[in-house]
Amino acid sequence: MTPEPSADAPAHAIETVFRIESPRIIAGVARIVRDVGIAEELAQDALVAALEQWPREGVPGNPGAWLMATAKHRAIDLVRRRERYARKLVEMGRDLEASAPHGHIDEPADPDDIDDDLLRLVFTACHPVLSAEARIALTLRLLGGLTTVEIARAYLVPEATVAQRIVRAKRTLAAKAVAFEVPYGPEREARLGSVLEVIYLIFNEGYAATAGDDLLRPALCEDALRLARVLAELMPKEPEVHGLAALLEIQASRSAARTGPSGEPVLLKDQQRSRWNRLLIRRGFAALARAEAVSTGGGPGPYVLQAAIAACHAHAYSYEETDWARIATLYGLLAARTPSPVVELNRAVAVSMAEGPEAGLAIVDALVAEPALRGYYLLPSVRGDLLVRLGRVGEARGEFERAASLTRNERERGLLLGRAEECG
């Protein structure tokens, strides 16, 4: 007998659609109202309208387009109601016509411009009037659709801190009347570092979700990868842009092999490499070659180094054939370039594979008291791995249990509890 659908099922489906589509909706509406805070509010209004209408009238054939149209109509009404925006409304007439169902979107007149609202949203949120932390938090919230909890976990800071950064960032952008645009020349260069970091973090949240029932959030990975590709076309002489594109292409190539039939995580050493996407790997290699070709000296940047690490994995036909010594060296260069306890933890894994688990454990033990890693589930998880390899399974069990208690992702928790049981 088929079970009756839950009363909450329609609302859950609507919220799922909204979470996927919200970055595009906010970006599209921000182009009209020129205020990311108001754009987010109007997107939320569209969600409320969907929650009221769809359960009664049925889900439209293209729910994302319905939400976008609803939000844009409300944005146009808002602009019309405000006399001070009258002139702007006339100037934007062409954009509004283009947003109609049968409208035609003209190509940008400037060959250095890019008609991509999502990319405009990233550069707007990464304006230098905001602190670096605020830029990243705001863009992750607006473009990535991440909650304050997820952003806090990604940056290892309190949730309240992230919430304050986002609220203040919206107010600052509105008060300074920051233009909704992709900047040019030196201004574009000044914002690039934050833009790259935002795209990187969005991809990471899609590649290994901080919380929820699923390990992967493919829509986030796809958005981040598309933005990285677009940015590489926009800024062909920037090695770090190509480095980020290369890193994401190669990482994305493993997606199909990272989960089993029931969605359970599959560790790197157990993945079927025949399921890795060779096309994406080739694209990653090509992007890495472009990064190296346009490098002007001073050593590779952090994204180029991470892409080179990913390339080492992609070159290996099996886990055992991986060039761990080179990976450990690359992590050492990355740690020197951008010191971070997370980078050091990754270096510990590579060192353990190249030199033995004792060497890796020594690095990990030095990180146990690191404040930034307090509550970071991968620290006890890695330590558990190394203890298992050293035959100290009793200690390893405790580490896996602690790691399971720290993660908010149900798939990761199940994997870690399973590993703890294996140590029994």
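Preceding this paragraph is the structure being described.
Residues numbered from 1 in each chain as written. Predicted model: local features only at pLDDT ≥ 70, side-chain atom pairs only at ≥ 80, totals over all residues. Heavy atoms only, no water.

Asker: Looking at this model, I keep getting lost on the packing of helix α7 (residues 132–142) against helix α9 (residues 159–175). Mind explaining?
Answerer: Here α7 crosses α9 at 90°, and the two axes come no closer than 8 Å. The angle between the axes of α7 and α9 places the two elements in the roughly perpendicular class. Packed against α7, whose contacting residues are E133, A134, A137, L138 and R141, the element α9 presents V162, R165, I166, A169, K170 and L173 at the interface. Taken together, the residues of the contact of α7 with α9 sort by class into 7 nonpolar, no polar and 4 charged. (Axes fitted to C-alpha atoms, helices over the stretch in contact; angles between N-to-C directions. Helix = DSSP H or I, 4+ residues; strand = E, 2+ residues; numbered from the N terminus. Parallel < 35°, antiparallel > 145°, perpendicular 65-115°, else oblique. Contact = heavy atoms within 4.5 Å. Nonpolar A, V, L, I, M, F, W, Y, C, P; charged D, E, K, R; others polar.)

Asker: What's the story with the side chain of T124 in this structure? I'm lost.
Answerer: Along the chain, the position of T124 falls in helix α6 (residues 117–125). The exposure class of T124 is buried, given its relative accessible area of 3%. In this structure the side chain of T124 is engaged in a polar contact, spanning 2.7 Å, whose partner is the backbone oxygen of R120. When sequence neighbours within four positions are dropped, the list of residues in contact with T124 reads V36, L173, V178, A179, F180, E181 and R191. (Buried < 20%, exposed > 50% of the residue type's maximum accessible area, 1.4 Å probe, protein only. Polar contact = N/O pair within 3.5 Å; in protein donor to acceptor, adjacent residues only side chain to side chain.)

Asker: I would appreciate a short explanation of helix α16 (residues 341–355) in the present structure.
Answerer: Within an α-helix, residues lying three or four positions from one another point in the same direction, as the helix has 3.6 residues per turn. The end-to-end C-alpha distance of α16, which contains 15 residues, comes to 20 Å, matching closely the 21 Å that a straight helix rising 1.5 Å per residue would cover. All of the buried residues along α16 are V343, E344, L345, A348, A350, V351 and S352. In this structure, the buried side of α16 is in contact with α15 (324–337), α17 (357–365) and α18 (378–389). The N-cap of α16, judged by a side-chain oxygen 3.2 Å from the amide nitrogen of V342 a few residues on, is S340. (Expected span 1.5 Å × (residues − 1).)

Asker: Help me out: how do you make sense of the environment of P60 in this one?
Answerer: Mapped onto the secondary structure, P60 falls in the loop between α2 (36–57) and α3 (63–81). Distance in space between the C-alpha atoms of P60 and A50 is 9.8 Å, their sequence separation being 10 residues. Not counting the four nearest positions on each side in its chain, P60 is found in contact with W54 and W66.

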